[in-house]
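Letter by letter, the chains look like this.
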Amino acid sequence: MVPVKSEKVISQMEEKKKKILNCAKEIFVQKGYMNTPVREIIDASGYGTSTFYRYFADKEDLLNTLLSDFLDHIIDKVNRYFKQEEDVHKRFVESKRVIMEVFAENPELSEIYSRVAGLSTSVDKCLKKFDERYLWFVHQNIAYGIKHGFFKDLPIDPICHSILAIIKYAVYKWVVLKEITSTEMIEMVGSFHRCLGEGLYQKNPTKQYPVD
């Protein structure tokens, strides 16, 4: 029989994993993902090699965890916003503000997300997972609006990809090029969605509020 871990042990394990992730995040920003050896992450964490490999298969697995946790946080914030706001039209624009605020609050993760594309096939696979999960999330919400008569019955995939593209571009201009502030980044994405919504919204929606 496999022994059951106590809450204290589980908490300690989570703390170790979190510390390794935080150390990696800081070093990735300082030196770049490709220039950061696993050994440096291990030394910075203060734990041994066996502890690192208890939680992560390799550096790619660690990057994938950072991005996956980041997206989980974004989606959780949007879902909480959806529970507070019933108006689907307002949701379409304001949920993007919520997303961009998460990016603004996490400059290190935002920079990693913006900089690592194209470094290697394995890294691109990590980014692809992030993007595909986000695209699926946006697709579901737009499909809901179409189904219930809030949005016009337009092709969803181009809309989803345009949303992801403006988010990537705005984050890149903010955290990599440093041409805009985080406030301007949020407004850029919000303005885009206000314009996009004008072409997407039904003028006379068949329902006032979501039913699901």
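The following paragraphs examine the structure supplied in this document. (Residues numbered from 1 in each chain as written. Predicted model: local features only at pLDDT ≥ 70, side-chain atom pairs only at ≥ 80, totals over all residues. Heavy atoms only, no water.)

1. Quick notes on the overall build of the protein
- Of regular secondary structure, the protein possesses nine helices and zero strands.
- Its helices and strands in sequence order give the protein the pattern α-α-α-α-α-α-α-α-α, from N to C terminus.
- Projected onto its principal axes, the C-alpha positions of the protein cover 60 × 50 × 30 Å.
- As displayed, the protein has an accessible area near 11800 Å², and 52% of this comes from carbon and sulfur atoms. (Helix = DSSP H or I, 4+ residues; strand = E, 2+ residues; numbered from the N terminus. Areas by Shrake-Rupley, 256 points an atom, 1.4 Å probe, with all protein chains shown as cover.)

2. Some thoughts on the pattern of salt bridges
- A full pass over the atoms with the stated rule returns twelve salt bridges.
- Taking the shortest distance from any N to any O, the salt bridge between R97 and E101 comes out at 2.8 Å. On the criterion of helical spacing, the pair formed by R97 and E101 is a turn pair, its members being four residues apart in helix 5 (residues 88-105).
- Exposure remark for E101: the relative accessible area of 28% places this residue in the partly exposed category.
- Residues K173 and E179 are paired through a salt bridge, measuring 2.6 Å at the closest nitrogen-oxygen approach. (Salt bridge = Lys/Arg side-chain N within 4 Å of Asp/Glu carboxyl O. Buried < 20%, exposed > 50% of the residue type's maximum accessible area, 1.4 Å probe, protein only.)

3. Thoughts on unusual backbone geometry
- The phi torsion at K178 lies on the positive side, around 55°, for a residue other than glycine.
- Considering the arrangement of structural elements, one finds K178 in the loop between helix 8 (156-175) and helix 9 (182-200).

4. Structural notes on the packing of helix 1 (residues 7-31) against helix 4 (residues 59-84)
- The geometry of helix 1 relative to helix 4 is characterised by a closest axis approach of 11 Å and an angle of 95° between their N-to-C directions. What the angle tells us is that helix 1 and helix 4 run roughly perpendicular. Residues K17, I20, L21, A24, K25 and F28 of helix 1 form the contact with helix 4, whose own contacting residues are K59, L62, T65, L66 and D69.
- Here the residues of the contact of helix 1 with helix 4 are counted per class, giving six nonpolar, one polar and four charged. (Axes fitted to C-alpha atoms, helices over the stretch in contact; angles between N-to-C directions. Parallel < 35°, antiparallel > 145°, perpendicular 65-115°, else oblique. Contact = heavy atoms within 4.5 Å. Nonpolar A, V, L, I, M, F, W, Y, C, P; charged D, E, K, R; others polar.)

5. What about the nonpolar core?
- Counting 65 residues, the largest nonpolar core has L62, F103, I142, F151 and I167 as its most contacted members.
- Those residues in contact with I167 that lie beyond four places of it in its chain are I99, M100, F103, Y134 and V189. (Core = buried A, V, L, I, M, F, W, Y, C linked by side-chain atoms within 4.5 Å.)

6. Overview of helix 1
- The first and last C-alpha atoms of helix 1 sit 36 Å apart over 25 residues, in line with the 36 Å expected at 1.5 Å per residue.
- The complete set of buried residues in helix 1 reads I20, L21, C23, A24, K25, I27 and F28.
- Backbone geometry just downstream of helix 1 places G32 in the positive-phi region, at approximately 95°. (Expected span 1.5 Å × (residues − 1).)

7. Considering the packing of helix 1 against helix 2 (residues 38-45)
- Between helix 1 and helix 2, the shortest axis-to-axis distance is 9 Å and the interhelical angle comes to 125°. In terms of their interaxial angle, helix 1 and helix 2 are classed as oblique. Here the hand of the crossing between helix 1 and helix 2 comes out right-handed. Residues K19, I20, C23, A24, I27, F28 and K31 of helix 1 form the contact with helix 2, whose own contacting residues are E40, I41, A44 and S45.
- Of the residues contributing to the contact of helix 1 with helix 2, the split by class is seven nonpolar, one polar and three charged. (Left-handed = near helix turned anticlockwise from the far one by under 90°.)

On their own, these measurements won't tell you what the molecule is for.
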